[in-house]
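Descriptive structure summary
Below are the chains, spelled out letter by letter.
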Amino acid sequence: MKALSLSAVCTALMMTIATASAQQDPAPDFPKSTIKLVVSAAAGGGNDMIARLVAERLQAKWGQSVIVENRTGAGNNIATEYVYKSPPDGYTLLVSPPASLTVNAALFKELRFDPTKIDAVAITSYIPNVLLVSGNSRFKTAQEFLAFAKANPGKLSYASQGIGTTGHLTGALLEQLLGTKQLHVPYGGAAPALNDVMAGHIDFMVADIGTVLPLAQDGKLRMLATLTKDPSPVAPELPTIASVGLPELLSDTWTAFTAPPGTPMPIRRKYAAALREIIFSPDIRARIEQVGIVPWGLDPEQSADLIKRETERWTDVVRKANVGMDQ
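Conventions used here
- Residues numbered from 1 in each chain as written.
- Predicted model: local features only at pLDDT ≥ 70, side-chain atom pairs only at ≥ 80, totals over all residues.
- Heavy atoms only, no water.
- Salt bridge = Lys/Arg side-chain N within 4 Å of Asp/Glu carboxyl O.
- Helix = DSSP H or I, 4+ residues; strand = E, 2+ residues; numbered from the N terminus.
- Buried < 20%, exposed > 50% of the residue type's maximum accessible area, 1.4 Å probe, protein only.
- 1 Å grid on protein atoms, 1.4 Å probe; cavity = no way out; pocket = protein on both sides within 12 Å on 5 of 7 lines; lining within 4 Å.
- Points joined across faces, edges and corners; volume = space filled by probe spheres on them.
- Nonpolar A, V, L, I, M, F, W, Y, C, P; charged D, E, K, R; others polar.
- pLDDT = per-residue confidence, 0-100.
- Contact = heavy atoms within 4.5 Å.
- Phe/Tyr/Trp six-rings, centres within 6.5 Å; stacked < 30°, edge-to-face > 60°.
- Lys NZ or Arg CZ within 6 Å of the ring centre and 35° of its normal.

Taken as a whole, this structure holds 15 salt bridges when the rule is applied. In this structure, Asp-283 engages Arg-57 in a salt bridge whose closest nitrogen and oxygen atoms are separated by 2.3 Å. In this pair, Asp-283 is assigned in helix H11 (residues 282-289) and Arg-57 in helix H2 (residues 46-62), connecting sequence segments 226 residues apart. Given a relative accessible area of 41%, Asp-283 falls into the partly exposed group. Note that Arg-112 and Glu-81 form a salt bridge whose closest N and O atoms lie 3.1 Å from each other. Of this pair, Arg-112 sits in the loop between helix H5 (104-107) and strand S4 (119-134) while Glu-81 sits in helix H3 (residues 77-84), and the two are 31 residues apart along the sequence. Within the structure, one salt-bridge network assembled from shared partners comprises Lys-36, Glu-69 and Arg-71.

Pasting the structure below:
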């Protein structure tokens, strides 16, 4: 009887260990070959930085080669389509900002992929956008700016990185919330837009804090508010947009890892756990926070939920503003 009891205990213990092991590694046979991270932006940006940090750590952790490939163009659609049509085996992931997952279906008349079918893996981090003006602007605070914009429709101009970009759509959302119309001036990227804002030719702009922080520290730009719920770690003194009376004007740029439709959940969970471990490791966290990136580490379900909610929110903004890339 004692032997039977001991056997039963051993069996139960082995089952417990097996269960715990399965929870720790939901896809124990993955990976067996090279992994490709396809970045939808050019080398040097925030998403590319995250992808390359992750690639280095994943390669060391899993013992397989991890390569980063930049496929730019068409508002992130080229890279997204490539990954969408790749085998759903976990060996090809997309690393992208929100656009192709959330707003491009509303901006473009035709896409060669269905954003709603893309499998979420993880959202590793985000970078707050900020409302900014020239360092010599008459607007010293966000409250002054918002009061003037509301009382003087059409008197202000705002720059963006281009039609359909986050800066453009956030400006459109601001117009909708204030019930006013301002002059939108699209540029071919952030640099020329920021130059005209600094020179005072354009009244305001929305851009990510990592890009503009050095210019603000030099006095060339003035950041009025961060467009996120929480203060930015690199500028904790900067008020949030909610604290100045416009909590609906939320805008950030996050880094999403997504996979082709049908990628097994155990593989996605394995990635999510590894990505969270990497992004919150002290050295990686310190490195990305220096440039304004905030670690997040959402799992597949949380990521899918965020993508769905942000799709609904920004699609509504696009339609009300009548914005289209094919017009």
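Moving on to empty space enclosed by the protein. Within the structure shown, the criterion is met by one cavity of 30 Å³ or more. One number sums up the size of the largest cavity: a volume of about 30 Å³. Looking at the largest cavity, the residues that line it are Thr-80, Val-83, Tyr-84, Leu-94, Ile-118, Thr-258, Ala-259, Pro-260 and Pro-261. Those elements that place two or more of their residues in the lining of the largest cavity are H3 and strand S9 (252-259). Ranked by residues supplied to the lining of the largest cavity, first place goes to H3 with three residues. Broken down by class, the residue content of the lining of the largest cavity amounts to seven nonpolar, two polar and no charged.

It is worth spelling out the confidence of the model for the chain at this point. Summary statistics for the chain give a mean pLDDT of 92 and a share of 92% for residues scoring 70 or more. Overall, residues 1-22 carries pLDDT values under 50, and its contacts beyond four positions in sequence, including any with other chains, amount to zero contacts.

Before going further, it helps to examine the packing of aromatic side chains. Overall, the coordinates contain ten aromatic pairs when judged by the stated rule. Look at Phe-139 and Phe-145: their rings are 5.4 Å apart centre to centre, the planes differ by 85 degrees, and that puts the pair in the edge-to-face class. By the ring-pair criterion, three or more aromatic residues cluster together here, those being Phe-139, Phe-145, Phe-148, Tyr-158 and Phe-204. Between the NZ or CZ atom of Arg-71 and the centre of the ring of Tyr-82, over which it lies, the distance is 3.7 Å. Directly above the aromatic system of Phe-148 lies the positively charged group of Arg-138, at a separation of 4.3 Å from the ring centroid.

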